[in-house]
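The residues making up each chain are set out below.
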Amino acid sequence: MGALSTSYRASLSRILGGWSAAISGGLVLLLAGFAALLFVSLPKELVPAEDRGRVDVSISAAEGAGYDYTSAIGLKVEKVLDKYRQDGVSERTIMTIPRFGGNSFNSANGVVALKPWGEREKTADEVAAELNKELSKFTSVRAVASVRGPFQRGGGGGGGGGTNVDLIAVGNDYVQLAAWLKPILAEAQDNPGLARPRLDYEPTAPRLLVQIDLDKAATLGVSAQSVGRALETMFGSRRATTYIKNGQEYDVILQTNLDQRRSIEDLNRLNVRTSTGAIVPLSTVVTTELRGDTPDRPRVDRLRSVTLTAQLNPGYTVEDAVAFFKDQAAQRPVPGVSIKWGGQAKDYIEGSGGIAIAFGLALLLVFLVLAAQFESWIHPAVIMLTVPLAALGGLFGLLMTGSTINTYSQIGLIILIGIATKNGILIVEFANQLRDEGLTVREAVIEAATLRLRPIIMTSVSAAMGALPLMLWAGAGAGSRQTIGAVIFTGAIFATLLTLFIVPVFYDLLARFTKSPEWTARQIEAYEAREKSGEGQTSPV
């Protein structure tokens, strides 16, 4: 350590003075500009992807499909999922038909519960990507495999959370909204970064419209109530009465057999009773029309809405998806149609600006605290010059590890403010003390930097080594820990190497225009002493 201190002292003696300040100023500006360029060019997202140890599979059959049809497809999908259990990747697979909490029989859910991280080689994202390739072969249903996101506050419909990116078109007409989204859907299908884009508006659910001919019904004496009761009883179900057996009350449900309520011909064979008691065919007083309709009509902020949903392929961030959809929407302006966001996009847009404000407030707070500590505006400015250097090191760490700018990496940048300014404080504070002892500015900063070299290196290495386990972490929460660890590790090392030279150069340049706090305190004490002795009324400075 002694040889290092001697070499460091000699280096400072050579670089201080002359053109060193100009060169250092240009270097700081260059590095700050490079840090800004790196910040803009790095991919951005709200939080990094996390391996939660499970993959969810959503299955949707055609509208109107029954339980038997969905169950047959679900069993085939279950065999695909079970391959991962046989290969030792998953512990178990779960299939629920119909979907849990659903009200239709054309849906199903599957879950692949993966083994602990140390017992498998594939990540949840890799398993989901493989499953999507396999499930795309099932053309009779739409099956999508996805990994749960870090936030689970709901899915589409204007809510955040989930792993999907939702573009929500709102307006006054569902057909208009769906027609506006279809070209964007076609572009999304051609985008290699998006997986399984789809609309939630599909007017393909079979609906049978029964229209009563009121004139004929009135002539024959058939009431609308009789028609409705006949349809309810024969095609739906109706509780007629109850009976008691062995102390238990049971409902009596009226309903025709399943094979007698499958087609329009079955409806045409129904009869209704007139007001006189006569029996007439139902087809004489009603007309039928078979048409498609959508099972749901969602709304967002009380406006009709249609949602385009897509999953993200590995390497494609939320920022990329939002920029893509914004560009597509801007190319197709339509009066009366506006867009909102759901899923990850909603969380990203709402939360991306908060960290920038926190970073700015952290810089301002540190600067004001240092200004109060040193009773000067110049000393804090010299110390704060190290912050862009630390930020550049942290961003370079993200670039090396292939990570993104997200909430955790931005928190790491805020932590770097404290780590970087700590090195400058150690040098500036001790240099001020040496100036109080009569040393010149240059002598004081060289001596202070040399004597503080050991604690600066020790504290910086401790901070970097403390972040190293986060970088090497594997398992639960690895994505967020590796991101914040990479920022702190590389930022602390990079800031320390440059701080040891940048701070002395700028202190030597600017500190000559300041007085140390101890000098000002001694002047005040001398003035107070003269006041008490009555020797003068002059100002202390």
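Before reading on, note that the structure itself is shown above.
As the structure is a computational prediction, the values presented were derived from the model and not from experiment.

A.B. asks: Would you mind showing me how to read the packing of helix α14 (residues 441–451) against helix α16 (residues 478–510) here?
C.D. replies: How two helices pack is summed up by the angle between their axes together with the distance between the axes. Contact geometry for α14 and α16: axes closest at 9 Å, N-to-C directions at 160 degrees. When the interaxial angle is binned, α14 and α16 end up roughly antiparallel. Like other packed secondary-structure pairs, α14 and α16 cross with a definite hand, here right-handed. Contact residues: V441, R442, V445 and A449 in α14; P504, Y507 and D508 in α16. Residues that form the contact of α14 with α16 fall into these classes: five nonpolar, no polar and two charged.

A.B. asks: What am I meant to see in the pairing of strand β6 (residues 194–199) here?
C.D. replies: Put simply, side chains in a regular strand alternate between the two faces of the sheet. Here β6 lies mainly inside the structure; five of its six residues are buried. Taken together, the four bridges between β6 and strand β14 (residues 303–312) define a ladder with antiparallel strand orientation. Within β14, the position partnered with L199 by the bridge is L308.

A.B. asks: What am I meant to see in the sheet that holds strand β2 (residues 90–96) here?
C.D. replies: Remark on secondary structure: sheet strands pair via backbone hydrogen bonds, oriented parallel or antiparallel. On the basis of which strands lie adjacent, the open sheet formed by four strands has the order β2-β3-β1-β4 and antiparallel pairing. Two strands lie at the open edges of the sheet, namely β2 and β4 (141–146), each paired on one side alone. Ignoring strand direction, the axes of neighbouring strands in this sheet form an average angle of 15 degrees. Pairing of β2 with strand β3 (residues 107–114) involves six bridges; the strand directions are antiparallel. The residue of β3 that forms the bridge with S90 is L114. Here helix α3 (residues 67–86) sits on the sheet and contacts β1 (54–61), β2, β3 and β4; the angle it forms with β2, its principal contact strand, is near 175 degrees. Contacting β1, β3 and β4, helix α4 (residues 124–135) runs over the sheet at an angle of about 170 degrees to β4.

A.B. asks: Quick question: what am I supposed to make of the packing of aromatic side chains here?
C.D. replies: The relative placement of two aromatic rings is captured by the distance of their centres and the angle of their planes. This structure, assessed with the given rule, holds six aromatic pairs. When the centroid spacing of 5.4 Å and the interplanar angle of 25 degrees are considered together, the rings of Y243 and Y250 count as stacked. Take Y250: its relative accessible area is 36%, and that puts it in the partly exposed class. Here the aromatic rings of F367 and W377 are separated by 5.8 Å at their centres, their planes lie at 20 degrees, and the arrangement is stacked. Highlighted residues: F367 in helix α10 (residues 344–374) and W377 in the loop between α10 and α11 (378–384), separated in sequence by 10 residues. One residue, K44, lies across the ring of F39, its end atom 5.3 Å from the ring centre. Sitting over the face of the ring of F430, R452 holds its NZ or CZ atom 4.6 Å from the ring centroid.

A.B. asks: Looking at this structure, how should I read α14?
C.D. replies: Every α-helix carries 3.6 residues per turn, so stepping three or four residues along brings you back to the same face. Looking at α14, one finds that the buried residues are V441, A444, V445, I446, A448, A449 and T450. Next to the buried residues of α14 lie α1 (2–15), α13 (407–436), α15 (453–472) and α16.

A.B. asks: Is there a simple way to think about the pattern of salt bridges in this case?
C.D. replies: In the structure shown here, the tally under the stated rule is 12 salt bridges. R229 is the partner of E232 in a salt bridge, and the nearest nitrogen-oxygen pair spans 3.6 Å. Within this pair, E232 and its partner R229 are both found in helix α7 (residues 224–235), separated by three residues, close to a single helical turn. Taking the relative accessible area as the measure of exposure, E232 reaches 36% and is therefore partly exposed. K340 is the partner of D301 in a salt bridge, and the nearest nitrogen-oxygen pair spans 3.3 Å. Within this pair, whereas D301 is found in the loop between β13 (299–300) and β14, its partner K340 is found in strand β15 (residues 338–343), the two being separated by 39 residues in sequence. Its relative accessible area of 55% is what places D301 among the exposed residues.

A.B. asks: Which parts of the structure should I look at to understand α3?
C.D. replies: Given a rise of 1.5 Å per residue, 20 residues ought to cover 28 Å, and the 28 Å separating the end C-alpha atoms of α3 matches this to within 8%. Where α3 is buried, its residues contact β1, β2, β3, α4 and β4. Following α3 by one or two positions, G88 adopts a phi angle in the positive range, close to 85 degrees.

A.B. asks: Looking at this model, I keep getting lost on a nonpolar patch on the surface. Mind explaining?
C.D. replies: Taken together, the side chains of I357, L361, L364, L368 and W377 make up a nonpolar region of the molecular surface, amounting to roughly 560 Å² of accessible area. Take L361: it is sitting in helix α10.

A.B. asks: Just to check I follow, could you spell out the side chain of S376 for this structure?
C.D. replies: By the secondary structure assignment, S376 is in the loop between α10 and α11. There is a polar contact of 3.0 Å between the side chain of S376 and the backbone nitrogen of I378. Residues contacting S376, with those up to four places away along its chain left out, are A371 and T514.

A.B. asks: I keep staring at the side chain of T309 and nothing clicks. Help me out?
C.D. replies: The residue T309 is located in strand β14 in this model. By relative accessible area, T309 is classed as buried at 13%. A distance of 3.1 Å separates the side chain of T309 from the side chain of D166, its partner in a polar contact. Each residue touching T309, except ones within four places of it in the same chain, is listed here: N164, V165, D166, R196, P197 and R198.

Rules and cut-offs
- Residues numbered from 1 in each chain as written.
- Predicted model: local features only at pLDDT ≥ 70, side-chain atom pairs only at ≥ 80, totals over all residues.
- Heavy atoms only, no water.
- Axes fitted to C-alpha atoms, helices over the stretch in contact; angles between N-to-C directions.
- Helix = DSSP H or I, 4+ residues; strand = E, 2+ residues; numbered from the N terminus.
- Parallel < 35°, antiparallel > 145°, perpendicular 65-115°, else oblique.
- Left-handed = near helix turned anticlockwise from the far one by under 90°.
- Contact = heavy atoms within 4.5 Å.
- Nonpolar A, V, L, I, M, F, W, Y, C, P; charged D, E, K, R; others polar.
- Buried < 20%, exposed > 50% of the residue type's maximum accessible area, 1.4 Å probe, protein only.
- Pairing = 2+ DSSP bridges.
- Phe/Tyr/Trp six-rings, centres within 6.5 Å; stacked < 30°, edge-to-face > 60°.
- Lys NZ or Arg CZ within 6 Å of the ring centre and 35° of its normal.
- Salt bridge = Lys/Arg side-chain N within 4 Å of Asp/Glu carboxyl O.
- Expected span 1.5 Å × (residues − 1).
- Patch = residues over 30% accessible without salt bridge, like charges linked within 9 Å, V, L, I, M, F, W, Y side chains within 5 Å.
- Areas by Shrake-Rupley, 256 points an atom, 1.4 Å probe, with all protein chains shown as cover.
- Polar contact = N/O pair within 3.5 Å; in protein donor to acceptor, adjacent residues only side chain to side chain.

Remember, this is a structural readout, not a statement about activity or role.
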